[in-house]
Amino acid sequence: MLPLRDFTFTGFSIVYFTEFTEQYAIQLIRNMLLERKQKPKQDRMVDLIQILRTIAGCKDVDFGFIPFVRLNDNLILDFGAISSSVLLDYHKQSGVSDNCVQTFLENFIENPKPLILQNGKYTVEYAADLPKILNHSGVRDYALLPLYHNNDLVGVLEVYAKKEKVVGKKLLIKIDP
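Source: prediction; values computed, not measured.

Caption draft 1: Expanded view of the pattern of salt bridges. Counted according to the given criterion, the structure contains three salt bridges. The closest approach of N and O atoms between Glu-106 and Arg-70, which form a salt bridge, is 2.9 Å. Here Glu-106, found in helix α4 (residues 100-110), pairs with Arg-70, found in strand β2 (residues 70-71); they are 36 residues apart in sequence, far enough to count as distant. Residue classification places Glu-106 among the partly exposed positions, given a relative accessible area of 22%.

Right, dumping it as structure tokens:
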């Protein structure tokens, strides 16, 4: 508690605080989904990432999303600015000829287990190209979590940080999709 004697107030002001609980965060996300016409998709994505940062309790963490959308049995890997994905940014910068992101995601779809990479060490065999991609982006800690809807794999959530020892089990439990 801060003692009131340390403050001087002049004029008139109204201050209110909102307790940011997990239920409140879920309500904000629901409202965001219902009010689709109010904001552009890119602005809603920024708001969603800020809500997830608040839930995680860490300003050094970032989030990316990759929906699994196919066209002629090929994954679509370009979602413009609404994805904020490390993998998709690398794919966009490296060009279509570099198919390591496509191959990596196809392998992930075959075996959708959470993948955690901390300080260049990874937890699954098929992630061999991942440290190269993450080093290119300056990412030190990284987690790739499967996203399900009605028991169908619909995409992944990327959780990453450019500082070491930020993305760990404690943080991932807080934001469990």
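Caption draft 2: Representation of the nonpolar core in the model. Formed by 23 residues in total, the largest nonpolar core has its most connected members in Leu-87, Val-101, Leu-105, Leu-130 and Tyr-142. Counting residues per element, the ones that place at least two in this core are α3 (86-94), α4, β4 (115-118), α5 (130-137), β6 (141-149) and β7 (152-161). Looking at this core, the element that brings in the most residues is α4, giving five residues. The contact partners of Leu-130, leaving out residues within four places of it in the chain, are Leu-87, Phe-104, Leu-115, Leu-117 and Tyr-142. Core analysis: the second largest hydrophobic core is formed by 21 residues, Met-32, Ile-51, Ala-143 and Leu-145 among them.

Caption draft 3: Expanded view of the packing of α3 against α5. Viewed as axis vectors pointing N to C, α3 and α5 meet at an angle of 85°, and their least axial separation amounts to 10 Å. With respect to α5, the element α3 is oriented roughly perpendicular. Along its contact with α3, which presents Val-86, Leu-87, Tyr-90 and Gln-93, the element α5 presents Leu-130, Lys-132, Ile-133, Leu-134, His-136 and Ser-137.

Caption draft 4: Region of interest: the pairing of β6. Here four bridges tie β4 to β6, and the two strands are oriented antiparallel to one another. Along β6, the bridge assignment pairs Ile-116 with Ala-143. Sheet analysis places β6 next to β7, joined by nine bridges and oriented antiparallel. In the strand pairing of β7, His-149 is matched with Asp-152. With antiparallel pairing between neighbouring strands as the criterion, β6 and β7 make up a hairpin whose turn holds two residues, including Asn-150 at a positive phi of roughly 50°.

Caption draft 5: Just the environment of Phe-108, in detail. By the secondary structure assignment, Phe-108 is in helix α4. Through-space distance from the C-alpha of Phe-108 to that of Val-156 is 9.5 Å; in sequence the pair is 48 residues apart.

Caption draft 6: Region of the structure containing the environment of Asp-60. Mapped onto the secondary structure, Asp-60 falls in the loop between α2 (41-56) and β1 (61-67). With relative accessibility at 27%, the residue Asp-60 sits in the partly exposed group. A sequence separation of 104 residues divides Asp-60 from Glu-164, and the C-alpha atoms of the two residues are 10.0 Å apart. Aside from chain neighbours lying at most four places away, what touches Asp-60 is Tyr-160, Ala-161, Lys-162, Lys-163 and Val-166. A polar side-chain atom of Asp-60 sits 3.5 Å from a polar atom in the side chain of Lys-163.

Caption draft 7: Broad picture of a nonpolar patch on the surface. Among the surface-exposed residues, Leu-2, Leu-4, Phe-7 and Phe-9 lie close enough to one another that they form a single nonpolar patch of about 520 Å² accessible area. Along the polypeptide, Leu-2 turns up in the segment before α1 (22-34).

What counts and what doesn't
- Residues numbered from 1 in each chain as written.
- Predicted model: local features only at pLDDT ≥ 70, side-chain atom pairs only at ≥ 80, totals over all residues.
- Heavy atoms only, no water.
- Salt bridge = Lys/Arg side-chain N within 4 Å of Asp/Glu carboxyl O.
- Helix = DSSP H or I, 4+ residues; strand = E, 2+ residues; numbered from the N terminus.
- Buried < 20%, exposed > 50% of the residue type's maximum accessible area, 1.4 Å probe, protein only.
- Core = buried A, V, L, I, M, F, W, Y, C linked by side-chain atoms within 4.5 Å.
- Contact = heavy atoms within 4.5 Å.
- Axes fitted to C-alpha atoms, helices over the stretch in contact; angles between N-to-C directions.
- Parallel < 35°, antiparallel > 145°, perpendicular 65-115°, else oblique.
- Pairing = 2+ DSSP bridges.
- Polar contact = N/O pair within 3.5 Å; in protein donor to acceptor, adjacent residues only side chain to side chain.
- Patch = residues over 30% accessible without salt bridge, like charges linked within 9 Å, V, L, I, M, F, W, Y side chains within 5 Å.
- Areas by Shrake-Rupley, 256 points an atom, 1.4 Å probe, with all protein chains shown as cover.

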